[in-house]
There are 2 protein chains.
Amino acid sequence: MSGDNPIRIGLLSCTKIVRKLSRAINLSPNATISALATYTSSIEEAKSFAESNNFPPNTKIHGSYESLLEDPDVDAVYLPIPASLHVEWAVRAARQGKHILLDKPVALNVSEFDQILEACEVNGVQFMDGTQWMHNPRTAKFMDFIKDFEIKTVHSCFSFAANGNFLRNDNRVKPGLDGLGALGDAGWYTIQAALVANNFKLPKTVTALPGPVLNDAGIVLSCGALFDWEEEGITATIYCSFLANLTMEITAIGAKGTVSVHDFVIPYRETEAAFTTSSGGCCLSEHKVMTELPQEACMVIEFARLVGEVKNRGAKPDGFWLSFSRKTQLLVDAVKESIDNNLEPVILSGR
Amino acid sequence: MSGDNPIRIGLLSCTKIVRKLSRAINLSPNATISALATYTSSIEEAKSFAESNNFPPNTKIHGSYESLLEDPDVDAVYLPIPASLHVEWAVRAARQGKHILLDKPVALNVSEFDQILEACEVNGVQFMDGTQWMHNPRTAKFMDFIKDFEIKTVHSCFSFAANGNFLRNDNRVKPGLDGLGALGDAGWYTIQAALVANNFKLPKTVTALPGPVLNDAGIVLSCGALFDWEEEGITATIYCSFLANLTMEITAIGAKGTVSVHDFVIPYRETEAAFTTSSGGCCLSEHKVMTELPQEACMVIEFARLVGEVKNRGAKPDGFWLSFSRKTQLLVDAVKESIDNNLEPVILSGR
């Protein structure tokens, strides 16, 4: 595998998150940036963006997404575009045989995501959503404890205090763009954390909690929900908000122990990530996990590895990430449905 | 005030918690043990209990609660008896002019507690419930941050993994004794923590969360609930359980900052208690509060101080603790009512 060429990634759009991800790709030995496409900037502006973010000098600049998707020197694409555009561009990318790294929320709802899923499966492309925390080496470590502790309940929250400009103008508060608001953004992480508690199994019922805050356009700015895995006697509560101080907590409590993570979404330090455990009624133990590379680079490396298996070894794409994204989207949808339906429980069987 | 004699406390029963509280009284300069009453042990056994726990040599041993309540050398009583007996013995104590330190839950329901409350008011006796964490100096410190941070949501949980013997035989799982189970025991603390979030104001609605676990006799072993202060846009979730690993968490998230406490019920260390704050999107700050005396002694000192004001200076009893206990009991009742009523919200207005 060490003889393989790096996976060539095309980036769509010149946004802040592309800046972060391009650094991650540059840090990843098995990936490289081969192209950048822009719809809204001029070619000159895109060139300047590429230069100032240390893209390789031979990066091709495309004036449209279509053009990038037809570029034979692109193996995979990163799509950090508004959620309302995901189904169109992810399906197009899959049809062009491009492997896909897609920002969360992966779609506006699960039926849209199922079109993406089908296009990936039909065209044999690898899919991963761009949620980075799952790839931090810390996550695997604390998941080991979660497996051992026979989890009974999980509470996860991700909030940040958005400023007035964000609350008026960001894609994430606009119905036509990322229409799922805090639920599809901050909530995405909390839902994934809840799924981790029961080995990625879907809960049986989802109930939104009283007190959601919506903006005038009906976009969720803050909400909570409860997931109930009835058979196993496990519950999880989540809280996500654009209106409260930065908080990124997981507390998973089991019959045999407790795991707490205080910065699960983005660790306070890039090179070291901590979590605590306690068990047997004893006090807290702190665990520190050294991370040579930032978690977004870990994500790119794993994505490029999976793409490499498909491209260079004819492997079937790994379906885990499609499945995990679909479950997360299903739970986003269910929380939204419960909010829209006067906090009635939503039963997930069969979905 | 320094010239006043210590407040003379009578203890009812020879239980483990009396052992802990007698040590606390011995550590309190303004309180002393003057009497011990037992119903179930012999006088000889009670004497031996008193000796082995370093009670003062002149402690009077009474063969009945009635006898202790008539003892003129008792200013105040500590009642660590099953909740089902609280209304009877607390009312009797008040009528004898004895000030009252009462274990939680303070009653089986708020209408019972209102009888205790009335007896205390009519007889001018000081009341306090025996929940110790409120008296740890740390609590006042983190409450200062909570006041500043404009709290939006609080999550508090207290769980411990009870063993089989506890789950079969403890008072707390028996309908005839402490009939409120984990909700009246562990839940009491989590409810108090939620009340702290909004300056001791009652929420407008209380909704039990899906997934409560009850034993065959209908006693709650594990449950969660949501409190909604609708006007202020504040919510709180609680989780209490006899079935999960020892966990004692408060996470209070505000517009301006977050407070986390990981051992709020009983600090892991007796002489030092910590909590963390974060604000402005920055990382965590740890705050350590030194505690010369264990929190149960802080409680006894404050109780004896209030009793001393009444006894020695003719002050009116301080009503804060009666009010706080009543609110806590009201919320315990409301969670139970919601559980019994298919998780329907309970509206508290006017209660």
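Heads up: the structure comes first, above all this text.
Residues numbered from 1 in each chain as written. Chains lettered and ligands numbered in written order. Predicted model: local features only at pLDDT ≥ 70, side-chain atom pairs only at ≥ 80, totals over all residues. Heavy atoms only, no water.

1. A short note on the overall build of chain A
Item 1. Counting its secondary structure elements, chain A contains 11 helices and 16 strands.
Item 2. The C-alpha atoms of chain A give a radius of gyration of 20 Å, which matches the 20 Å a tight globule of 351 residues would have.
Item 3. By principal-axis analysis of the C-alpha atoms, chain A measures approximately 60 × 45 × 40 Å.
Item 4. Across the 351 residues in chain A, those meeting the buried criterion constitute 59%.
Item 5. In chain A, of all internal contacts separated by at least 6 residues, the share reaching a separation of at least 24 is 70%.
Item 6. A distance of 2 Å separates the average location of the 31 positive side-chain charges in chain A from that of its 41 negative side-chain charges. (Helix = DSSP H or I, 4+ residues; strand = E, 2+ residues; numbered from the N terminus. Rg over C-alpha atoms; globule rule 2.2 N^0.38 Å. Buried < 20%, exposed > 50% of the residue type's maximum accessible area, 1.4 Å probe, protein only. Contact = heavy atoms within 4.5 Å. Lys, Arg positive; Asp, Glu negative; His and termini not counted. Charge placed at Lys NZ, Arg CZ, Asp CG, Glu CD.)

2. Description of empty space enclosed by the protein
Any space left empty among the atoms is revealed by the rolling of a water-sized probe across them.
Item 1. A complete count under the given rule lists 2 cavities of 30 Å³ or more for this structure.
Item 2. The space that makes up the largest cavity amounts to roughly 60 Å³.
Item 3. Only β13 (258-261) and β14 (272-278) of chain A together with β12 (243-254) of chain B provide two or more residues apiece to the lining of the largest cavity.
Item 4. Among the elements that make up the lining of the largest cavity, the one with the highest residue count is β12 of chain B (4 residues).
Item 5. Class assignment of the residues belonging to the lining of the largest cavity gives a composition of 4 nonpolar, 7 polar and 1 charged. (1 Å grid on protein atoms, 1.4 Å probe; cavity = no way out; pocket = protein on both sides within 12 Å on 5 of 7 lines; lining within 4 Å. Points joined across faces, edges and corners; volume = space filled by probe spheres on them. Nonpolar A, V, L, I, M, F, W, Y, C, P; charged D, E, K, R; others polar.)

3. A closer look at the sheet that holds strand β6 (residues 127-129) of chain A
All names here are of chain A.
Item 1. The strand order β3-β2-β1-β4-β5-β6 describes an open sheet built from 6 strands, whose pairing is parallel. Each of the sheet's edge strands pairs with one partner strand only, and the pair in question is β3 (60-62) and β6. For this sheet, the mean angle separating the axes of adjacent strands, direction not counted, is 25°.
Item 2. Bridge analysis of strand β1 (residues 7-12) against strand β4 (residues 76-79) gives 3 bridges, and the strand direction is parallel. Across the sheet, the residue bridging to Ile-9 is Ala-76, located in β4. (Pairing = 2+ DSSP bridges. Axes fitted to C-alpha atoms, helices over the stretch in contact; angles between N-to-C directions.)

4. A closer look at the packing of helix α5 (residues 110-123) of chain B against helix α11 (residues 320-340) of chain B
Residue and element names in this part refer to chain B.
Item 1. For the pair α5 and α11, interaxial distance at closest approach is 10 Å and the crossing angle is 170°. Classified by the interaxial angle, the pair formed by α5 and α11 is roughly antiparallel. Judged by residue contacts, Val-110, Phe-113, Asp-114, Leu-117, Cys-120 and Glu-121 of α5 engage Leu-322, Ser-325, Arg-326, Gln-329, Leu-330 and Asp-333 from α11. (Parallel < 35°, antiparallel > 145°, perpendicular 65-115°, else oblique.)

5. Quick notes on the relation of the copies chain A and chain B
Item 1. Superposing chain A onto chain B takes a rotation of 180° plus a shift of 0.0 Å along the axis, which leaves an RMSD of 0.0 Å. Here the symmetry operator amounts to a two-fold rotation axis.
Item 2. Most of the interface of chain A is mirrored in chain B, where 100% of its interface residues are also at the interface. (Least-squares fit on C-alpha atoms with pLDDT ≥ 70 in both.)

6. Details of the pattern of salt bridges
Item 1. Scanning the model with the defined rule gives 47 salt bridges over all chains in all.
Item 2. Between Arg-23 of chain B and Glu-270 of chain B there is a salt bridge; the shortest N-O distance is 2.9 Å. Within this pair, whereas Arg-23 of chain B is found in helix α1 (residues 16-27), its partner Glu-270 of chain B is found in the loop between β13 (258-261) and β14 (272-278), the two being separated by 247 residues in sequence.
Item 3. Exposure remark for Glu-270 of chain B: the relative accessible area of 41% places this residue in the partly exposed category.
Item 4. Put simply, Glu-232 of chain B and Lys-201 of chain B hold a salt bridge, and the shortest N to O gap is 2.4 Å. Highlighted residues: Glu-232 of chain B in the loop between β10 (220-229) and β11 (234-241) and Lys-201 of chain B in the loop between α9 (186-197) and β8 (205-208), separated in sequence by 31 residues.
Item 5. By relative accessible area, Glu-232 of chain B is classed as partly exposed at 31%.
Item 6. Classification of Lys-201 of chain B by relative accessible area gives partly exposed; the value is 35%.
Item 7. Each of the salt bridges in this network shares a partner with another, and the network as a whole consists of Arg-8, Lys-60, Asp-71, Asp-73, Asp-75 and Lys-311 of chain A. (Salt bridge = Lys/Arg side-chain N within 4 Å of Asp/Glu carboxyl O.)

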